[in-house]
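Structural description and commentary
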Amino acid sequence: MRVLRVVRDVLLVPAGVVLFLSGIFVVLPFFGVGAVGAEVTDRGTAVAQQCRFAGPIADSDAPEGGNILGFGHICQARVTWRDGTAELREVSGSQLTPDDVGTEVAVVERAVDDSARGSGTRPQLYRADFEPNMWLGVPVLLVVMFLGVAAAGTAASRLYERFRSGKPANA
């Protein structure tokens, strides 16, 4: 029976770490926490041409390059702006999905703070009906990360005590 407890604890440590990291790579992008308060700079429609699923760190094909953090769909889309100009853009964060390929979707461009890279703001596309929500995102992030730390921490502590005592697992 003690062997099963050791196996449980050995499996709980990486599960807790994955849960903790999912707060960063899944919860933050899902709620759009990085775009909270970002000014809408333009409006238009986008038609996804092709999409791929990527993560946790994906290369960006956008003109400014860089990496995209998080799991989600990244789509190449033809965007037509209000003034009639059109361009090909990369849309990340699952704002467009393979279900949107060939379909016109209303989008907005937001000036997202990118001062961590030293470049001020960068334009990023979002669905027009998507509203970034910090008030839901941050509490969910904290709960998910706390559960990850609790699972990994208690399992690691039990393993440490078991192996420090020198008792065999089946004793």
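Description of the structure in this document. The model shown is predicted, which means the values in this text are computed figures rather than measured ones. (Residues numbered from 1 in each chain as written. Predicted model: local features only at pLDDT ≥ 70, side-chain atom pairs only at ≥ 80, totals over all residues. Heavy atoms only, no water.)

What follows concerns the packing of helix H1 (residues 2–31) against helix H2 (residues 134–165). Axis angle and axis distance: for two packed helices, these are the angle between their axes and the distance between the axes, and together they describe the pair. Here H1 crosses H2 at 160 degrees, and the two axes come no closer than 8 Å. As far as their axial angle goes, H2 and H1 are roughly antiparallel. Handedness of the H1/H2 crossing: left-handed. When grouped by side-chain class, the residues that make up the contact of H1 with H2 number 24 nonpolar, five polar and five charged. (Axes fitted to C-alpha atoms, helices over the stretch in contact; angles between N-to-C directions. Helix = DSSP H or I, 4+ residues; strand = E, 2+ residues; numbered from the N terminus. Parallel < 35°, antiparallel > 145°, perpendicular 65-115°, else oblique. Left-handed = near helix turned anticlockwise from the far one by under 90°. Nonpolar A, V, L, I, M, F, W, Y, C, P; charged D, E, K, R; others polar.)

We now examine the pairing of strand S4 (residues 72–81). One face of the sheet, then the other: side chains in a regular strand alternate in exactly this way. When you tally the buried positions in S4, you get seven out of 10 residues, the bulk of the element. The sheet contact formed by strand S1 (residues 39–54) and S4 spans 10 bridges and is antiparallel. By the bridge assignment, Phe 53 is partnered in S4 with His 73. Judged from the six bridges that link them, S4 and strand S5 (residues 86–91) form a sheet pairing that is antiparallel. The residue of S5 that forms the bridge with Thr 80 is Ala 86. As consecutive antiparallel partners, S4 and S5 are separated by four residues, and within that stretch Gly 84 has a phi angle of approximately 95 degrees, a positive value. (Buried < 20%, exposed > 50% of the residue type's maximum accessible area, 1.4 Å probe, protein only. Pairing = 2+ DSSP bridges.)

The values are spatial; any link to function lies outside them.
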